[in-house]
Amino acid sequence: MLGHLDEIDFQLEEANSDVLGDAYEYLIGKFASGAGKKAGEYYTPQKVSTILARIVTTGKARLRSLYDPTCGSGSLLLRVARELNHNSANKTVDNIYGQELNRTTYNLARMNMILHGVHYRDFDIRQEDTLEHPQHEGLLSDAIVANPPFSAKWSARKIFESDDRFSEYGKLAPSSKADFAFVQHMLHHLDEDGTMAVVLPHGVLFRGGAEGAIREFLVGTKNWLDAVIGLPANIFYGTGIPTCILVFKKCKEQEDVLFVDASSCFEKAKNQNNLRDEDVDRIVEAYRIRAEEDRFSRRASLDEIRENDFNLNIPRYVDTFEPEPEVDLATLSHVSWELEPLLADLDNQIDSHCSELGIDFPGAPNLSLLEDFKRGVMQRLFGQALRFTRDNGSAFPDWEERKLGEIAERSTTKNSSMALTRVLTNSATQGVIDQGDYFDKDIANAANIGGYYIVRRGDFVYNPRISVSAPVGPIKRNNLADGIMSPLYTVFRFKAEDTDFFTQFFETSAWHSYMYSVANFGARHDRMAITTGDFMAMPLPFPRPDEQRKIADFLSAIDAKIDALSTQITEMQTFKKGLLQKMFV
């Protein structure tokens, strides 16, 4: 096999990228995404690295030295070098320096450098504790980047009070949170014309004590803080906390600090949020031109920051509040009154059914009382404790029992022609809805929807995912237009056209005991495992069609009143909001 591979000309000399190095970095990133909390120790997400790299290289075509005191696998250093098109033929970074505590990660970093074509004489990466045992004494770098471990512990020994890195501040970072100790260390190694960008947790912006004193020195005394950039939450491996980028310069050209609120600049993914290319471009552009944009970026004067006691919390400087649209009180009044005739008609329908069943109807417009009433009525109707009669007053015959497979058929038609693109999902609380509406984005891969089941209007769908509101998974009818669903769902279609009775039946728990009796547990704690044969053998009550119709009409009328009351309550709440707007504006 190796012999055959050796005969293939991969044309690597014509590749526009460092194929071997990129493959290595790709594998590191993939490993980090599955490594949980430990991932942050050696890998910074690519988009965050790109932001840091573009910031520290702004206005520069060449770097004398590049430094990362917590370099992990070296991906951040390489990202900066790549931003300047550094390679063996175009040496735009003279020397690369890094330090890493973890020996395994330190070796990853050195291998990463070599695989990306960085000559061993051009990088100096050492393995030691950066704060306790710094390895690059005397280094002054014109670009420093870092993603240090968030709020790590360090010794904060008294001897460090006379250490050149910390002595001028008059305070040491607390031993329980080394964030500012890393900042002080980095600033000690920053050259006068250099730029430094570091990722930190939001706590560094507002925590008091020694950290407050350090902030006051950095901003009020030295004016070294250039920008504060708030990043979205949940973009780092192993932690969901929101983070920020602090940018420092020792020779600033302006007497202000740029604040950027990029907390909403992301794309939501399954397990974490992702910065997009357009988000990166927007953040970097705001930094480079120091533009002010409503609800995104603003320059704050040193006097304003001083008035805030050097609290750098971003909402103090960037107002992201969006006023609510003005409520049209007149329209709401009409909507509320227009519901009254409908409610009166529904009351008459429900009262008529209740009279036939010999039960009292709680006519008060109380939503929770009506919902409880429907649950009680369903228990007694499907338990046959309450029975309707024929129009002539005679009794209906006893209910039969049919298996689901006798009165319905499973639908397994695939979307092989790719004709349908509307992806649906089945929610326990919202029923069959568009996937994009439920998840705020489309989850389905467009390339795979040919294998999805076609779901026609009127089809029923079983979702095996269990929840508090659906302990065996929900069965819902599709009341939307035709769409497609994942093959993880079971789609079936009744042979009769009138399915309102079964729509109501599946809202009860009467079928749950059967599902528990045939389900297999153990593979997935959040899903029911049941064979198709067992599912289609589910026993269902089967009254005569005219009794089915009476039961469905009764329960549907209650549902319609619940919906109308809910609408009325929502409109009244909105009406109150509009009154408050008029009163307090």
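Reading the values: the criteria
Residues numbered from 1 in each chain as written. Predicted model: local features only at pLDDT ≥ 70, side-chain atom pairs only at ≥ 80, totals over all residues. Heavy atoms only, no water. Helix = DSSP H or I, 4+ residues; strand = E, 2+ residues; numbered from the N terminus. Contact = heavy atoms within 4.5 Å. Phe/Tyr/Trp six-rings, centres within 6.5 Å; stacked < 30°, edge-to-face > 60°. Buried < 20%, exposed > 50% of the residue type's maximum accessible area, 1.4 Å probe, protein only. pLDDT = per-residue confidence, 0-100. Axes fitted to C-alpha atoms, helices over the stretch in contact; angles between N-to-C directions. Parallel < 35°, antiparallel > 145°, perpendicular 65-115°, else oblique. Left-handed = near helix turned anticlockwise from the far one by under 90°. Nonpolar A, V, L, I, M, F, W, Y, C, P; charged D, E, K, R; others polar. Expected span 1.5 Å × (residues − 1).

## Some points on the environment of Thr413
Move 1: One can find Thr413 in the loop between β13 (408-410) and β14 (424-427).
Move 2: Considered as a pair, Thr413 and Val491 are 78 residues apart in the sequence and their alpha carbons are 9.5 Å apart.
Move 3: Setting aside chain neighbours within four positions, we find Thr413 in contact with Tyr452, Tyr453 and Ile454.

## Quick notes on the packing of aromatic side chains
Move 1: On inspection of all chains with the given rule, the structure shows 23 aromatic pairs.
Move 2: Here the aromatic rings of Trp154 and Phe166 are separated by 5.5 Å at their centres, their planes lie at 50°, and the arrangement is tilted. Of this pair, Trp154 sits in the loop between β4 (141-146) and α6 (179-188) while Phe166 sits in the loop between β4 and α6, and the two are 12 residues apart along the sequence. Phe166 carries the same exposure label as Trp154, and that label is buried.

## Some details on the environment of Met515
Move 1: Relative to the elements of secondary structure, Met515 occurs in helix α15 (residues 512-518).
Move 2: Considering only alpha carbons, one finds Met515 and Ile530, 15 residues apart in sequence, at a separation of 7.9 Å.
Move 3: Once residues lying within four places of it in the same chain are set aside, the contact partners of Met515 are Tyr462, Val472, Met528, Ile530, Phe535 and Met538.

## A closer look at the confidence of the model for the protein chain
Move 1: Per-residue confidence for the protein chain gives a mean pLDDT of 87; residues scoring 70 or more make up 87%.
Move 2: Below a pLDDT of 50 lies the segment residues 14-21, which in the model reaches 8 contacts outside its immediate sequence neighbourhood of four places, other chains included.
Move 3: Confidence drops under a pLDDT of 50 for residues 35-42, and excluding neighbours within four residues, the segment shows 18 contacts in the predicted structure.

## Looking at the packing of helix α3 (residues 46-56) against helix α4 (residues 75-83)
Move 1: Where α3 meets α4, the axes come as close as 8 Å, and the angle between the chain directions of the two elements is 50°. Judged on the interaxial angle alone, α4 and α3 are oblique. As for the relative orientation of α3 and α4, their crossing is right-handed in sense. The segment α3 lies against α4, with Gln46, Ser49, Thr50, Leu52, Ala53, Arg54 and Val56 engaging Leu76, Arg79, Val80 and Glu83.
Move 2: When grouped by side-chain class, the residues that make up the contact of α3 with α4 number 5 nonpolar, 3 polar and 3 charged.

## A few points about helix α7 (residues 210-221)
One turn of the α-helix equals 3.6 residues, which is why residues spaced by three or four share an orientation.
Move 1: With 12 residues, α7 should reach 16 Å at 1.5 Å per residue; the first-to-last C-alpha distance of 15 Å fits that figure.
Move 2: All of the buried residues in α7 are Glu211, Gly212, Ile214, Arg215, Phe217, Leu218 and Val219.
Move 3: Check the buried side of α7 and you find it contacts α6, β6 (225-230), β7 (243-249) and α9 (302-307).
Move 4: Once α7 finishes, Asn223 follows within two positions and takes phi at roughly 55°, a positive value.

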